[in-house]
Structures are given as C-alpha cells and as structure tokens.
Amino acid sequence: MPRTVLLNPGPVNVTDRVRQALILPDLCHREKEFSDLMAAIRSKSLKAFDIEKEYTSVLVSGSGTAALEMAVSSSLTPGRSMLVIQNGVYGERIGKICDIYQFRQHSLKLTWGEPPCLESIENKLKKNPDIEVVALVHHETTTGLLNPLKEVGTLARRYNKVFLVDCISSLAGDEINFETCPIDIAVGTANKCVQGFPGVSFVLFREKELPRLRKIPERTLYFNLTGYHKAQEAGGVLFTPAIPAHYALDVALDELIEETVAARVQRYANAAKFLRAGFKDIGLEFLIPEGLRSNCLTSLRLPKGMNYEKLHGELKANGFVIYAGQGNLSDNIFRIANMGDIKQEEFERLLQVLKATVRLS
Ligand SMILES: *Cc1c(COP(=O)(O)O)cnc(C)c1O
C-alpha cells in the first residue's frame, strides 16, 4: 500500500530526515541544548530567505494562527488603526483578531477570490491618516489566489505604513522578494511549504521595527511579540515550547537551505503546472484564472453530479487526501495543494485516479 499523500494545505508530507528528528533526546527547555536549538532555528529561518541583515525572528509554539495573533496583536500603536485587506478566510481572520483586540480597523472587504484594486487601497490610505499598519494575506489559501504583494507593499511604503503580511502558506512556496518588497512583519509556520511538523510558527520582522514595537503596551500574556523576542535574544523562553516540532523545524530548515528557497519555489511551480495541465485535460474548471494562482494550491469546481464527500472518499481510498472548500464555497469547489515532499510519480498517479473518479460520476 503506498503512503497517504497529503494534498491539503498543511500539514504536509515531510521527508524521512525531518520525521527522524521527532525522536531526538528528551530535553528540558531551560537547558543550553534548547537554547542552542532555538538560536539555530531563528538564524536558519533568516538565512533561508537571505534576510539576516535586516530581520529578526521570533518562534512561538502553536499553529500558524498563533504567530499571526502574535504579530497582529503586538504591532498596532494605541489610537492608530489597521487596514486589513480581506478576500478570503485568512484576511477575515486578521480582521477578527483586530476585533477581538478592539482595534480600530479600516477593512477592504472583497468577494473571496477577488484581487484587491490598488486604487481603493490608495484611497483608504489617503483618506485615513490614522492607519498605521496595512495587513495582507499573500497566498489566500481559501481560493489559491496570490495577492499582489509587491504592489500593496509599495503603496504601504509610499504612505509610510507598516506592512504586515500573512505569508503562512506562501513562504518557500511562492516567490517573495524581501529586497524589492517592503515587508516589515512576515508571519510563517513550520508545517506548510517549509516542510516541518505542526507545533511551531514564527514571525520575521525588520529590526528597525523594534523601537516602535517596544512602545506598544502588552495586550496579551501568551502572544506578546517583543516579550518573546527579548526572551529569545537572551537564549530563554517564556513558556514550555513544543520541543519535537522545534527539532523537526531545525532539520526542515537545513533541507530548505540545501534545496534553496528559489529551487523549492520552482519545484512547487513545476508541480502546479503539471497538475493544472492534467486538471484541464480531465475537463475540470478552475476557480481562479491563470496568472492569479499561487504555486501551492488549486481550487477546482466540483464536477456536475459529484459531491465533495464522494470525491474525497474515492481519492482517500486510493491514498490521496484532498481538501474541501470553506464557507460558501464548500458546496462548489474542492482544493488540491501541492505543498510538501511529494514525488512526481505521486502527482501522476493522482491525475489517473482523479480522471477515473470524475469519469465515473
Ligand atoms: C494555514 C494558514 C493559516 C494558519 O492556520 P492554522 O490552522 O493556524 O495553521 C493562516 N493563514 C493562512 C493564509 C494559512 O494558509
């Protein structure tokens, strides 16, 4: 029986080398060994993306949303407001975090899958000088839409705003040029394109943001960004971390540095191109038009007469786990991610199984 191939957008299939790291020795997080491990992960996370000079890294135990809540809740000066671009579940999640922390918010609410209009963003920036932070989801995993990172970032920079990006499902999967794109705060996680295990996520931010961030009052005990940063700079941790997930992330980052981010992005792009040619050949319809899609995930309309449960069940019986649509899209679409350590022959077999299943419907 072949292994189960995960075509959901994380957690992903990992290499055996990453998996072996889960069973490294028991460790106390207050000992030097953990301190060294944490320092290694923090510096490798910057090295992988070639941003060691200007950025710093903070690790937090928890899924991607933990790091996202940490970044959002810790980055707004009292009295100022956040502009949140929302065209999917994850943009809406940033909006929700703002609501929970009772932030003033100017949101640009769009239909899921609709790319933002730069003119409307600029209008908001012009009209509302109280905006301090512009928040964007790079790859909106809800639909597979890639938002215009560089364009929005350039606007944010032109208006002197802090640019906060949820890169959770795009870091190491889609191209992010930290040199030309003025990202101030980027949120990522171990278990998507970085190819580690769930349990640890991270915030990468510009060192020059530190003085501003330090002035912001602490709003949460567990998720305060500068509190974690201070502790981690001193080699310590505030709370018990998910140690096995850290062991695995360290190895996953070694693999990422060996493969290089550029080569991984290309590998994912090649996989998506191969799969999409196959989907088209089968006669499936795409939710997001060509040119706007990420490298990592494809949303497809459910074929007529096929419900998601049936499709999911057939594919799972053949060793493939696909992903449902969210919210209003759940009756109409299904999603196939190509993140993780997946082999070309597995993608080929997926297309064969999918073709047979769709033909039978
Ligand atoms: C996966 C994901 C998250 C975080 O989800 P978790 O369930 O907390 O891991 C946030 N934003 C985006 C864009 C994602 O794809």
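Owing to the predicted nature of the structure, the values given are computational and were not obtained by experimental measurement.

(A) Geometry of the domain arrangement of the chain. Entries for the chain in the domain assignment read domain 1 (5–11 + 261–359) and domain 2 (16–259). Computed over C-alpha atoms only, the centres of domain 1 and domain 2 are separated by 26 Å. Tallying the contact residues gives 27 residues for domain 1 and 28 residues for domain 2. Both faces combined, the contact of domain 1 with domain 2 buries some 2,200 Å², and carbon together with sulfur accounts for 57% of it. Area buried by domain 1 at its contact with domain 2 is led by Val261, Arg264 and Gln326, which between them contribute 30% of it.

(B) Quick look at the state of the cysteines. The final tally for this structure, using the stated rule, is 0 disulfides. Looking at Cys117, it has no disulfide partner, and the nearest cysteine sulfur is the one in Cys181, 18 Å off.

(C) Representation of the nonpolar core within the structure. Phe49, Val134, Phe163, Phe178 and Ile183 are the most contacted members of the largest nonpolar core, which totals 59 residues. It is helix H9 (residues 243–259) that provides the largest number of residues to this core, a total of 9 residues. Both of domain 1 (5–11 + 261–359) and domain 2 (16–259) provide at least three residues apiece to this core. Not counting the four nearest positions on each side in its chain, Phe178 is found in contact with Phe49, Ile51, Tyr55, Leu171, Ile183, Ala186 and Arg206. Core analysis: the second largest hydrophobic core is formed by 34 residues, Leu68, Met70, Cys98 and Tyr228 among them.

(D) Region of the structure containing empty space enclosed by the protein. The tally for this structure, following the rule as stated, stands at 1 cavity of 30 Å³ or more. As a volume, the largest cavity reaches approximately 110 Å³. Along the walls of the largest cavity sit 13 residues, with Leu59, Tyr228, Gln232, Val237 and Phe239 positioned nearest its centre. When contributions to the lining of the largest cavity are tallied by element, the ones reaching two or more residues are strand E2 (55–61) and helix H8 (225–233). The element that contributes the greatest number of residues to the lining of the largest cavity is E2, accounting for 3 residues.

(E) Structural context of the layout of surface pockets. A volume near 580 Å³ is recorded for the largest pocket. Lining the largest pocket we find 25 residues, and of these Phe49, Asp50, Ile51, Phe178 and Glu179 sit closest to its centre. Mapped onto the lining of the largest pocket, the elements with two or more residues apiece are helix H2 (32–48), H9 and helix H10 (261–282). Tallied by class, residues from the lining of the largest pocket come to 13 nonpolar, 3 polar and 9 charged. Each of two domains, domain 1 (5–11 + 261–359) and domain 2 (16–259), supplies a minimum of three residues to the lining of the largest pocket.

(F) View of the packing of H2 against H9. It is at 9 Å that the axes of H2 and H9 come closest, and there the two elements cross at 35°. Here H2 runs over H9; the crossing is left-handed. Facing Phe34, Leu37, Ala40, Ile41, Lys44, Ser45, Lys47 and Ala48 of H2, the residues of H9 in contact are Ile243, His246, Tyr247, Leu249, Asp250, Leu253, Asp254, Leu256 and Ile257. Each residue belonging to the contact of H2 with H9 can be placed in one class, and the counts come to 11 nonpolar, 2 polar and 4 charged.

(G) Spatial organisation of unusual backbone geometry. Here the residue pair Gly10 and Pro11 is connected by a cis peptide bond, since its omega of -5° sits within 30 degrees of zero. Phi is positive for Ala172, close to 80°, though the residue is something other than glycine. Secondary-structure assignment places Ala172 in the loop between strand E8 (162–166) and strand E9 (185–189). Residue Ala172 is classed as buried on the basis of its relative accessible area of 1%. Of note, Gln195 is a non-glycine position whose phi angle comes to about 65°, a positive value. Note that Gln195 resides in the loop between E9 and strand E10 (200–206). The buried category is assigned to Gln195, whose relative accessible area is 2%.

The rules behind each value
- Residues numbered from 1 in each chain as written.
- Predicted model: local features only at pLDDT ≥ 70, side-chain atom pairs only at ≥ 80, totals over all residues.
- Heavy atoms only, no water.
- Domains from an automatic or database assignment.
- Contact = heavy atoms within 4.5 Å.
- Buried area = accessible area lost by both parts, 1.4 Å probe.
- Disulfide = S-S within 2.5 Å.
- Core = buried A, V, L, I, M, F, W, Y, C linked by side-chain atoms within 4.5 Å.
- Buried < 20%, exposed > 50% of the residue type's maximum accessible area, 1.4 Å probe, protein only.
- Helix = DSSP H or I, 4+ residues; strand = E, 2+ residues; numbered from the N terminus.
- 1 Å grid on protein atoms, 1.4 Å probe; cavity = no way out; pocket = protein on both sides within 12 Å on 5 of 7 lines; lining within 4 Å.
- Points joined across faces, edges and corners; volume = space filled by probe spheres on them.
- Nonpolar A, V, L, I, M, F, W, Y, C, P; charged D, E, K, R; others polar.
- Axes fitted to C-alpha atoms, helices over the stretch in contact; angles between N-to-C directions.
- Left-handed = near helix turned anticlockwise from the far one by under 90°.

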